[in-house]
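# Structure at a glance
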Amino acid sequence: MKKVIKSDLKKIYQEEMKKCSDAVKDGKHPYHIFTFSSIKDKKWPEIRIVVLRDFKFNPNVIYFNTDYRSPKIAQMKNNNNCCALFYDGIGKVQIRFHAKASIHYQDSIAYEIWKKTALQSRKCYMGEMNPSSEIQEWHPNFPITYLKKDPKLEHSEEGFQNFTCIKLNVIETEILKLYHDGHVRFNIKNKILNFIAP
């Protein structure tokens, strides 16, 4: 008969957090992109895919970048409770992070990350229109000049006025690992591991 003890949970937890850290630099890793959920108008959850830009372990902190004009910024200002969902289809692992979001805009944290941001990514913050605003016809929302090339470093600096780093301070981590002979589900809060019914 299968038996799972808390030391098994700790091992799974440490392995998955290591994978989150590895995924920052590995664009093909299943954790490199994740689903981020915020609250719209204090009523409805809004979800979208974002790119993992950094991950700190113990305490767990998740970073991603966005445009300051994006609706998610106003949502996080109204309610900074949020959730991040990671899924590894091959390993059959789901990780759910409950977190408090903090917005870094036009500060030293945002600038340090901006300096490391590739030109290809910088042009995404150079658009004239607010992300999610309705438009009459298709437009990439960055200067057409750079449709098939990256901007020069000097010109790319214009994008910093819209660049924002989001820091998710994790309050609780929940992991579900699927097994043919019985799934394992648990959470960790205040450094305490607890079994949860799958």
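In what follows, the structure referred to is the one given above.
What comes next is a walk through the structure. If you're wondering where the values come from, they're calculated on a predicted model, not measured in any experiment.

Regarding its fold elements, the chain presents 5 helices and 9 strands. Counting from the amino terminus, helix and strand elements in the chain follow one another as α-β-β-β-β-α-β-β-α-α-α-β-β-β. If you line up the chain on its principal axes, its C-alpha atoms span 65 × 35 × 35 Å. Counting all 198 residues of the chain, 39% fall into the buried class. If you take every contact in the chain between residues at least 6 apart in sequence, the share linking residues at least 24 apart comes to 62%. Accessible surface for the chain amounts to roughly 12200 Å². Of this, 53% is attributable to carbon and sulfur atoms. The centroid of the 33 positive side-chain charges in the chain is displaced by 5 Å from the centroid of its 22 negative side-chain charges.

Tallying each qualifying case throughout the model produces 9 salt bridges. Asp-54 is paired through a salt bridge with Lys-56; the nearest N and O atoms lie 3.3 Å apart. The exposure class assigned to Asp-54 is partly exposed, which follows from its relative accessible area of 26%. For the salt bridge of Glu-112 with Lys-115, the shortest nitrogen-to-oxygen distance reads 3.2 Å. Here Glu-112 and its partner Lys-115 are both found in helix H3 (residues 108-115), 3 residues apart, which amounts to about one turn of the helix. Owing to a relative accessible area of 39%, Glu-112 belongs among the partly exposed residues under this scheme. On the basis of relative accessible area, Lys-115 is assigned to the partly exposed category, the value being 45%.

What follows is about helix H1 (residues 6-23). Taking 1.5 Å of rise per residue, 18 residues should cover 26 Å, and H1 covers 26 Å from first to last C-alpha, within 8% of that figure. Listed in full, the buried residues belonging to H1 are Leu-9, Ile-12, Tyr-13, Glu-16, Met-17, Cys-20 and Ala-23. What you see down the axis of H1 is that its buried residues fit within an arc of 130°, all on one side. Away from the buried face of H1 by more than 90 degrees, exposed residues Lys-11 and Lys-18 are located. If you follow the buried residues of H1, they end up packed against strand E3 (54-56), strand E5 (81-88), strand E6 (93-105), strand E7 (163-177), strand E8 (184-189) and strand E9 (192-195).

Attention now moves to the pairing of strand E2 (residues 44-51). By the bridge criterion, 8 bridges tie strand E1 (residues 33-40) to E2 in an arrangement that is antiparallel. Paired with Ile-39 across the two strands is Pro-45, which belongs to E2.

One pass over the full model with this rule turns up 14 aromatic pairs. Ring plane angle 75° and centroid distance 6.1 Å describe the contact between Phe-34 and Phe-64, whose orientation is recorded as edge-to-face. Of this pair, Phe-34 sits in strand E1 while Phe-64 sits in strand E4 (residues 61-67), and the two are 30 residues apart along the sequence. An aromatic cluster of at least three residues, connected via ring pairs, comprises Tyr-31, Phe-34, Phe-36, Phe-55, Phe-64, Phe-86 and Phe-97. Over the ring of Tyr-179 we find Lys-2; its NZ or CZ atom is 4.0 Å from the centre of that ring.

Proteins that are soluble and globular tend to have nonpolar side chains buried together. Among the nonpolar cores identified, the biggest contains 33 residues, and Phe-34, Ile-62, Phe-86, Ile-95, Phe-97 and Leu-168 are the most heavily contacted of them. Of all the secondary structure elements, the ones that give two or more residues to this core are H1, E1, E4, helix H2 (71-78), E5, E6, E7 and E8. Among the elements that take part in this core, H1 stands out by supplying 6 residues, more than any other. With residues up to four places along the chain from it excluded, the contact list for Phe-34 reads Arg-48, Ile-49, Val-50, Val-51, Leu-52, Ile-62, Phe-64, Ala-84, Leu-85 and Phe-86. In this structure, Ala-110, Trp-114, Tyr-125 and Phe-163 belong to the second largest nonpolar core, which totals 5 residues.

Reading the values: rules and limits
Residues numbered from 1 in each chain as written. Predicted model: local features only at pLDDT ≥ 70, side-chain atom pairs only at ≥ 80, totals over all residues. Heavy atoms only, no water. Helix = DSSP H or I, 4+ residues; strand = E, 2+ residues; numbered from the N terminus. Buried < 20%, exposed > 50% of the residue type's maximum accessible area, 1.4 Å probe, protein only. Contact = heavy atoms within 4.5 Å. Areas by Shrake-Rupley, 256 points an atom, 1.4 Å probe, with all protein chains shown as cover. Lys, Arg positive; Asp, Glu negative; His and termini not counted. Charge placed at Lys NZ, Arg CZ, Asp CG, Glu CD. Salt bridge = Lys/Arg side-chain N within 4 Å of Asp/Glu carboxyl O. Expected span 1.5 Å × (residues − 1). Arc of directions from axis to C-beta. Pairing = 2+ DSSP bridges. Phe/Tyr/Trp six-rings, centres within 6.5 Å; stacked < 30°, edge-to-face > 60°. Lys NZ or Arg CZ within 6 Å of the ring centre and 35° of its normal. Core = buried A, V, L, I, M, F, W, Y, C linked by side-chain atoms within 4.5 Å.

Geometric values such as these leave the question of function open.
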